[in-house]
Amino acid sequence: MLPTQIPDFFKNRRNNLMTKYPTSTFILPAAKEAVRNLDVIHSFRQESNFFYLCGLEEPDAFLVLAPSSQSSHKTILFVLPKDLEKEMWIGERYGVENAKKVFDADEVYPISEFDQKLPEFLKNSEQVFYRVGLNENLDRKIFAVLEKYQKNLGRSGKALLPILDPTLPIGEMRIFKNSEEISFMKRACEISTLAHKTAMKEIKPGMNEYEIEALLNYIFKKHGCQRLAYPSIVAGGKNAACLHYQMHNEPLKEGDLVLIDAAGEFNYYPSDITRTFPVGKHYSEKQSTMYDLVLKSQLAGIAMAKPKTKLADIHKHVCEILIDGFLSLGLLSGDPAEILKSGSYKKYYPHNTSHWLGMDVHDVGLYTLNGESRILEPGMTFTIEPGFYIQPNDTEALKLFPCQGIRIEDDILITQQGCEILSAEAPKTREDIEKLR
Ligand SMILES: [Mn+2]
């Protein structure tokens, strides 16, 4: 069933954006359906910026925000027209009239009128925000419209309207989450936590990685996540050394650890949680040593998460703790400061500690301002996810530590006072995890 009402926040976001860019026209294409094979398509997910500003979940549409002489701006939608024959096959669409009502647009047209209508919405504009390079056909269409618009101005002396990337202005809005967005992320975290806990209880030696994947994905959907936040990763033993392992076809072995990086998406907002725990009942002594090192670095990173800290400083501190550990365990040798500077620790910790968390999981928003890591502010959400990995060809290290991948990842919200760990309910001390085994 198609929703007949959508929350007010979509309109508020458009107002906020256009208040900041009153003389700009934004052209935002919806996602296109992606072919899976022959005439079968992947399940649809709307493009994040389009959804953020509008809420419509249909392919091929366009959202145009344009300066208007009557009010501050106009919202214009171009949508797929009603087509009962097609809808019989693929499901109901809003069509022009319904879309106008439900999405509170000032004007709605069928997609076929896009080229012809677009010049009207450039009239009071000094610049156009449109992301070039993603769709060559559409780029050509937009360039042609802009070219024609400029020619039709006659002898005005005006230049072709400049095209800017909307990633920055919309990214700077999306990086700060309001209470509604936070509530969606909290729900995604609750459901994802439940999935991780269930996996911790259910895993037994001999089960295959794909069984656990199926279990996680079932729980995400059963409890209301519309889809996964990203493809689940269930990596037993050596497979955990592959950061985005997807094969999922090996049995889980007694004595190995299993790394699970999996989460659901609720109302377009994700969670992103990783836990690493024994396939059997207990962490071995060597696994415990490595696990506790990663956990120590993660807790130290989280302790720094508060307003005015920088992600780069959190990463640096996490690296320092891991490097100290790698040195005392005989995996590295030399001067810690030199190891940090040269990056030789990346052999065992190749990725960053954090990424912004939002509609795109590895979310939009600038990481640096004026050349420096930006300071954290209330409303920002990100992950803290240190890890330790030994690649299969590193036989020397494998002699010391027969555990090939550990990652512990939580989702952090910066608050006025400090931070809130949105995924705090997912067990992560060895004691708490072993209790569930
Ligand atoms: Mn992550």
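The model shown is predicted, which means the values in this text are computed figures rather than measured ones.

(A) How the structure looks around the overall build of the protein chain. Along its length, the protein chain carries 14 helices and 21 strands. Taking 437 residues into account, the globule formula puts the C-alpha radius of gyration at 22 Å, and the protein chain, at 25 Å, falls close to it. Seen through its C-alpha atoms, the protein chain measures out along the principal axes to roughly 75 × 50 × 40 Å. Here the protein chain, with 437 residues, has 51% of them falling under the buried criterion. A fraction of 70% describes how many contacts in the protein chain between residues 6 or more apart in sequence connect residues 24 or more apart. Accessible surface, the protein chain as shown: approximately 20,800 Å² in total, 53% of it carbon and sulfur. Charge separation in the protein chain, taken as the distance between the mean sites of 52 positive and 59 negative side-chain charges, equals 2 Å.

(B) The arrangement of the environment of V294 in detail. With respect to the helices and strands, the residue V294 is situated in helix α10 (residues 285–304). Through-space distance from the C-alpha of V294 to that of F388 is 6.9 Å; in sequence the pair is 94 residues apart. Residues contacting V294, with those up to four places away along its chain left out, are L322, P386, G387, F388, I406 and I408.

(C) Representation of the pattern of salt bridges within the structure. Overall, the coordinates contain 30 salt bridges when judged by the stated rule. Of the charged contacts in the structure, one is a salt bridge between E420 and K186, with a shortest N-O distance of 3.1 Å. One end of the pair, E420, is in strand β21 (residues 419–421); the other, K186, is in helix α8 (residues 179–202), with 234 residues separating them in the sequence. In this structure, D292 and R430 form a salt bridge, with 2.8 Å as the shortest nitrogen-oxygen distance. Of this pair, D292 sits in helix α10 while R430 sits in helix α14 (residues 430–436), and the two are 138 residues apart along the sequence. Assessed through its relative accessible area of 31%, D292 is described here as partly exposed.

(D) Looking closely at the pairing of strand β11 (residues 257–261). The buried fraction of β11 amounts to 5 of the 5 residues, a majority that puts the element mostly inside the structure. Neither face of β11 is exposed, since L257, L259 and D261 on one face and V258 and I260 on the opposite face are all buried. Two elements, strand β10 (residues 233–236) and β11, share 4 bridges in a ladder whose sense is antiparallel. From the neighbouring strand, G236 faces β11, where its bridge partner is V258.

(E) How the structure looks around the sheet that holds β21. Spatial strand order, β17-β20-β21: 3 strands in an open sheet with antiparallel pairing. In this open sheet, the two edge strands, each paired with only one partner strand, are β17 (381–384) and β21. Direction aside, the axes of adjacent strands within the sheet are offset by 30° on average. One ladder, built from 3 bridges, connects strand β20 (residues 410–414) with β21; its direction is antiparallel. If you follow I412 over to β21, its bridge partner there is I421.

(F) Region of interest: the domain arrangement of the protein chain. Taken domain by domain, the protein chain consists of domain 1 (9–173) and domain 2 (175–436). The straight-line distance from the C-alpha centre of domain 1 to that of domain 2 is 37 Å. Across the domain 1 to domain 2 interface the summed buried area is about 1,300 Å²; carbon plus sulfur atoms make up 52%. Taken as a group, F9, R45 and E172 account for 41% of the area that domain 1 buries against domain 2, more than any other trio of residues on that side. Counting across the interface, domain 1 meets domain 2 through 4 salt bridges. A salt bridge links R13 to E181; the shortest N-O distance between them is 3.6 Å.

(G) Expanded view of the environment of L216. Here L216 is to be found in helix α9 (residues 209–222). For the pair L216 and T198, spaced 18 residues apart in sequence, the C-alpha to C-alpha distance is 8.0 Å. Excluding residues within four positions of it along the chain, L216 makes contact with A195, H196, A199, V234, I260 and A262.

About the cut-offs
- Residues numbered from 1 in each chain as written.
- Predicted model: local features only at pLDDT ≥ 70, side-chain atom pairs only at ≥ 80, totals over all residues.
- Heavy atoms only, no water.
- Helix = DSSP H or I, 4+ residues; strand = E, 2+ residues; numbered from the N terminus.
- Rg over C-alpha atoms; globule rule 2.2 N^0.38 Å.
- Buried < 20%, exposed > 50% of the residue type's maximum accessible area, 1.4 Å probe, protein only.
- Contact = heavy atoms within 4.5 Å.
- Areas by Shrake-Rupley, 256 points an atom, 1.4 Å probe, with all protein chains shown as cover.
- Lys, Arg positive; Asp, Glu negative; His and termini not counted.
- Charge placed at Lys NZ, Arg CZ, Asp CG, Glu CD.
- Salt bridge = Lys/Arg side-chain N within 4 Å of Asp/Glu carboxyl O.
- Pairing = 2+ DSSP bridges.
- Axes fitted to C-alpha atoms, helices over the stretch in contact; angles between N-to-C directions.
- Domains from an automatic or database assignment.
- Buried area = accessible area lost by both parts, 1.4 Å probe.

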